[in-house]
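# Results of the structural survey
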Amino acid sequence: MIAANENGLDSREVQPVKTYQKTPADDKLENKRLATITAQMALAGHVVHKLETGFLVSRWGQTRVCPDLACLIGFARRVGASHD
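Residues numbered from 1 in each chain as written. Predicted model: local features only at pLDDT ≥ 70, side-chain atom pairs only at ≥ 80, totals over all residues. Heavy atoms only, no water.

Turning to the sheet that holds strand S1 (residues 47-51), a few remarks are in order. Strand order across the open sheet formed by three strands is S1-S2-S3, with antiparallel pairing between neighbours. The open sheet terminates on both sides in strands that have one partner only, identified here as S1 and strand S3 (62-66). The average angle at which neighbouring strand axes cross in this sheet is 20°, direction not considered. In this structure, S1 lies alongside strand S2 (residues 54-59), joined through five bridges in antiparallel fashion. The residue bridging valine 47 from the neighbouring strand is serine 58, located in S2. In the packing of helix H2 (residues 69-78) onto the sheet, the strands contacted are S1, S2 and S3, and the crossing angle to S3 comes to about 140°. (Pairing = 2+ DSSP bridges. Helix = DSSP H or I, 4+ residues; strand = E, 2+ residues; numbered from the N terminus. Axes fitted to C-alpha atoms, helices over the stretch in contact; angles between N-to-C directions. Contact = heavy atoms within 4.5 Å.)

Okay, the nonpolar core next. One finds Ile37, Met41, Val48, Phe55, Val57, Cys66, Leu69, Leu72, Ile73, Phe75, Ala76 and Ala81 forming the largest nonpolar core, which totals 12 residues. Elements with a contribution of two residues or more to this core: helix H1 (24-43), S2 and H2. In contact with alanine 76, other than residues within four places in its own chain, are Ile37, Met41, Ala81 and Ser82. (Core = buried A, V, L, I, M, F, W, Y, C linked by side-chain atoms within 4.5 Å. Buried < 20%, exposed > 50% of the residue type's maximum accessible area, 1.4 Å probe, protein only.)

If a residue is not glycine, its phi is most likely negative; likewise, a peptide bond is most likely trans. Positioned with a positive phi, tryptophan 60 is a non-glycine residue whose angle comes to about 55°. On the secondary structure map, tryptophan 60 appears in the loop between S2 and S3.

So, on to the packing of aromatic side chains. Enumeration over the complete set of coordinates arrives at zero aromatic pairs. Over the face of the ring belonging to phenylalanine 55 we find lysine 50, whose NZ or CZ atom lies 4.8 Å from the ring centre. (Phe/Tyr/Trp six-rings, centres within 6.5 Å; stacked < 30°, edge-to-face > 60°. Lys NZ or Arg CZ within 6 Å of the ring centre and 35° of its normal.)

Before going further, it helps to spend a moment on the environment of aspartate 68. Counting through the fold element by element, aspartate 68 comes out in the loop between S3 and H2. Each C-alpha atom, one on aspartate 68 and one on lysine 50, is 10.0 Å from the other, the two residues being 18 residues apart in sequence. Here aspartate 68 is in contact with Gly54 and Phe55, once residues within four sequence places are set aside.

All right, on to the environment of alanine 39 then. Mapped onto the elements of the fold, alanine 39 is located in helix H1. When the C-alpha atoms of alanine 39 and alanine 81 are compared, they prove to be 9.2 Å apart, with 42 residues separating the residues in sequence.

Encoded structure:
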């Protein structure tokens, strides 16, 4: 058994693991961010398609797969579609 000290560390001087749960507000914020990035990409001439795992961006017959929203945001900044 591992005892906890008053400073929050256990007897091995390791911080206990914290569990974070996504809330509906987190999903709403993520959906809003996705809608914003998709609209900005559309204004720049790119089409964004939602895949099972990530996004497919296309323009001028060329495509790029972004595995998550962070990658999509980074790509939008790189091509000048996002001003955030």
